[in-house]
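This is what each chain is made of:
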Amino acid sequence: MSTDSDCLFCKIASGAIRVTLLYQDERVVAFPDIRPQAPVHILVIPRRHFASLAHTAPEDTGLLGQLLAATTEIARQQNLADGYRLVINTGSDGGQTVEHLHVHLLGRRHMGWPPG
Ligand code: 5GP
Ligand code: ZN
């Protein structure tokens, strides 16, 4: 498995940094965001290190599908029947601050558009 020893989210995925895991399977883990921007704010990440979505390749399609499928399952578990928003900030213009691919799952409040 490709991991980065300096990467915060790799350390969370490996258990080196302990957090409350809301979901885990062979390839994906999810945990609450430390600075929640909505009543439900969960980060869903692949265990494998990708610096961003832009660092994935066509052969990673299966993993990306599993990431989205896991996120959908977590949204169901959180009873977000009124809807939710998924965000993947990518690169500096995208506002990405942690360089390990992650999906933000935001819910239980109405989201505005356009995003900031
Ligand atoms: P980004 O800005 O890269 O899209 O999102 C990174 C997210 O990681 C931010 O929402 C931030 O609050 C969250 N975050 C940063 N450090 C930690 C941490 O140590 N633990 C957790 N649970 N979330 C973190
Ligand atoms: Zn990483």
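Source: prediction; values computed, not measured. (Residues numbered from 1 in each chain as written. Chains lettered and ligands numbered in written order. Predicted model: local features only at pLDDT ≥ 70, side-chain atom pairs only at ≥ 80, totals over all residues. Heavy atoms only, no water.)

## What to know about the nonpolar core
Heads up, the condition is: Put simply, buried Ala, Val, Leu, Ile, Met, Phe, Trp, Tyr and Cys residues joined by side-chain atoms within 4.5 Å make one nonpolar core. Burial status follows relative accessibility: with a 1.4 Å probe on protein chains alone, a residue under 20% of its type maximum counts as buried, one over 50% as exposed, and anything between as partly exposed. Segments assigned H or I by DSSP are reported as helices when at least four residues long, segments assigned E as strands when at least two residues long, and all are numbered from the N terminus. We call two residues in contact whenever any of their non-hydrogen atoms come within 4.5 Å of each other.
Counting 16 residues, the largest nonpolar core has Ile42, Val44 and Ile74 as its most contacted members. At the level of elements, strand E2 (28-32), strand E3 (40-46), helix H2 (61-77) and strand E5 (103-107) are the ones that each hand at least two residues to this core. Those residues in contact with Val44 that lie beyond four places of it in its chain are Val28, Val29, Ala30, Leu67, Thr71, Ile74, His102 and Val103. In this structure, Cys7, Phe9, Val29 and Ile45 belong to the second largest nonpolar core, which totals 9 residues.

## Quick look at the pairing of E5
To keep it simple, the criterion reads: We call two strands paired when DSSP finds no fewer than two bridges between them.
Most of E5 sits inside the fold, with 5 of its 5 residues counted as buried. Burial along E5 is two-sided: the face carrying Val103, Leu105 and Gly107 and the face carrying His104 and Leu106 are both buried. Examined bridge by bridge, E3 and E5 share 5 bridges and lie antiparallel to one another. By the bridge assignment for E5, Val40 is matched with Gly107. As paired strands, strand E4 (residues 84-87) and E5 are joined by 4 bridges and run antiparallel to one another. Looking across to E5, one finds that Leu86 is bridged to Leu105.

All quantities given are derived from atomic positions and should not be read as evidence of function.
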